[in-house]
Amino acid sequence: MPLRVSRLFVLRSGWMTLLLLALALTPAHADDWKLPFWSGELRGKLFPLGEGGPQLAWTFIPAVSSTGERTLSFRVEDLATHLRVSATVNATTGDGSWRIEEGRVEIGPWAKALAPVLGKQMAGLSGEGPVLISGEGLIRQGRPTGLVNFSLRDGVIKHAGQGWTLEGIGIAAAVEVAALPDGKIPVTLAVRTMSTDRFGARNLSVAVVLDGTRAASVSAARIEIAGGTVEADPFEVSLSPMALNVRLRMTRVGLQDVVALVPTMLSDARGRVDGEVGLSWSEADGLHFGNGTLSLDEIEPTTLRLAPKPGFLSARVPARFVFIPGLPKPFSRWFAPANPAYVTLTEIELGKIPLRVQSLKVLLTPEGDERGRSASVEVVARPEQIGSVVDKVVFTINVAGPLSQVLKLGMSDHLSFGMH
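First things first, this report covers the structure right here in the doc. Keep in mind that this is a model prediction, so the values were computed, not measured.

**A look at the overall build of the protein chain**
- Per the secondary structure count, the protein chain includes 5 helices and 24 strands.
- Contacts in the protein chain between residues at least 24 apart in sequence constitute 51% of all its contacts with a sequence separation of at least 6.

In structure tokens:
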């Protein structure tokens, strides 16, 4: 006797509702309690992701004991899913107890099955590791109480096509059965390492409370990246439709990873920055940056090497100082000495000479400031060259337009240098 259950029902009700399907004959009052007097076996299939996804075979076995108590057994399984729940109930009072005898879900097959549901870009998603499910509790007047515990240790989720991997995933959740399906569920998430083609991170930790299928409240979120930390202020996540708005605070984040995000501006950097920035994401609008600031952490030296951009510095200064214009070529060089800073500035703009940064300030204004800039970077630095005639270089890098196009940075409208 096949039984089809929609994916929406599974997502809203949660696994425990399915596991306790055998206890669904719950009356409003104890006086109305009446458990059917029958024994036998029912079988069927669940299609949580539609008929093209996993097919979970379920079995329900009610029986009558010699003492008049009813025993109920409910089982759901496929190659990646093994769940067994048993219960003993007094047929007259509706009191008894329940227990999860076995609970194990392998995330690899489920990740593969969920990928098409999550979108075409997730095709190729894979994973490793078991989610263990345990729990027990009492039944009062036909209503179950108690906790169901979900745990995952040292799991792995990766996407080879997109080049990212999450390793050492740990998840812990404790679900109060009486609060299902819409009660609050506290969940903790930890990821030991995160790697992508551009950067790596480690020790992600998130504490969140799920409120049914409507929203999630994140009370704490922290990650280590580029030798520093990024923490989030408490924020809410809408689950239907998916959307979030969060404020991130950065402490001593290494500039070497920032370079990977802005290769048209810098070819190399060493040092650390502090700051904060807003971030929002929704299914409809995608990722957007909010207002923010970054500043130099002065505990350790900071150096920058510009990405080659001929003329960025040298175009703003003369190659020679012409004291008597209009002279014939053979004589013009006699009265036009070379600018000693020109060669140094050329080598700086070509990335041949690094700069020791004295101050660095980044201002993010996605909606535009009074000059229409969505971001600006102000740098005061000096060449790391012994005996350099250039004592100090001051320049501003401006970004106009969406910050999502930050890789197409437009170079400054302000530049100055001093020499000795």
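We are not done yet, so read on.
**Some words on the pattern of salt bridges**
- For the coordinates displayed, the defined rule picks out 14 salt bridges.
- Across the pair R43 and E41 runs a salt bridge whose closest N-O atoms are separated by 2.5 Å.
- With its nearest N and O atoms 2.9 Å apart, the salt bridge here joins R104 to E106.
- Since its relative accessible area comes to 36%, R104 is described here as partly exposed.
- Sharing partners across several salt bridges, the network here consists of D233, R247, R249 and E276.

**Focus on helix α2 (residues 107–118)**
- Three or more residues of α2 are buried, namely I107, G108, W110, A111 and A115. Along α2, the residues classed as buried sweep out an arc of 155° about the axis, all on the same side. In α2, the exposed positions that point more than 90 degrees away from the buried face belong to K112 and P116.
- Once α2 ends, the next one or two residues include G119, with phi positive near 130°.

**Remarks on unusual backbone geometry**
- A positive phi is found at N203, a non-glycine position, where the angle reads about 55°.
- Under the relative-accessibility criterion, N203 is labelled partly exposed at 36%.
- In the Ramachandran plot, R252 falls in the positive-phi region, its phi being about 55° despite a non-glycine side chain.
- Note on placement: R252 falls in strand β16 (residues 242–254).

**Considering the pairing of strand β6 (residues 125–128)**
- Because side chains alternate across β6, one face comprises the buried residues L125 and G127, and the other comprises S126 and E128, none of which is buried.
- Both β6 and strand β9 (residues 147–159) contribute to a ladder of 4 bridges, which runs antiparallel. Within β9, the position partnered with E128 by the bridge is V156.

**Considering a nonpolar patch on the surface**
- A surface patch of nonpolar side chains, about 220 Å² in accessible area, is lined by L114, V117 and L118.
- For L114, the position within the fold is in helix α2.
- Residue L114 is classed as partly exposed on the basis of its relative accessible area of 32%.

**Points about the side chain of T344**
- If you trace the backbone, T344 turns up in helix α5 (residues 340–349).
- Contact partners of T344, with chain neighbours within four places excluded, come to I353, P383, Q385, S388, V389 and V390.

**Re the environment of R84**
- Residue placement: R84 occurs in strand β4 (residues 81–90).
- Separated by 15 residues in sequence, R84 and R99 have C-alpha atoms that sit 8.6 Å apart.
- Setting aside its immediate chain neighbours within four residues, R84 contacts F74, R75, R99, I100, E101 and E102.

**Thoughts on the side chain of R272**
- Tracing the chain through its elements places R272 in strand β18 (residues 272–282).
- For R272, a relative accessible area of 15% corresponds to the buried category.
- Within the local environment of R272, its side chain forms a polar contact with the backbone oxygen of A226, the two atoms lying 2.8 Å apart.
- Side-chain polar atoms of R272 contact the backbone oxygen of R252, separated by 3.1 Å.
- Sequence-distant contacts of R272, that is, excluding residues within four places in its chain, are made with A226, G227, G228, R252, V253, G254, L255, S295, L296, D297, E300 and T302.

Quick notes on the rules
Residues numbered from 1 in each chain as written. Predicted model: local features only at pLDDT ≥ 70, side-chain atom pairs only at ≥ 80, totals over all residues. Heavy atoms only, no water. Helix = DSSP H or I, 4+ residues; strand = E, 2+ residues; numbered from the N terminus. Contact = heavy atoms within 4.5 Å. Salt bridge = Lys/Arg side-chain N within 4 Å of Asp/Glu carboxyl O. Buried < 20%, exposed > 50% of the residue type's maximum accessible area, 1.4 Å probe, protein only. Arc of directions from axis to C-beta. Pairing = 2+ DSSP bridges. Patch = residues over 30% accessible without salt bridge, like charges linked within 9 Å, V, L, I, M, F, W, Y side chains within 5 Å. Areas by Shrake-Rupley, 256 points an atom, 1.4 Å probe, with all protein chains shown as cover. Polar contact = N/O pair within 3.5 Å; in protein donor to acceptor, adjacent residues only side chain to side chain.

From the geometry alone we can't say anything about function, so treat these as descriptive.
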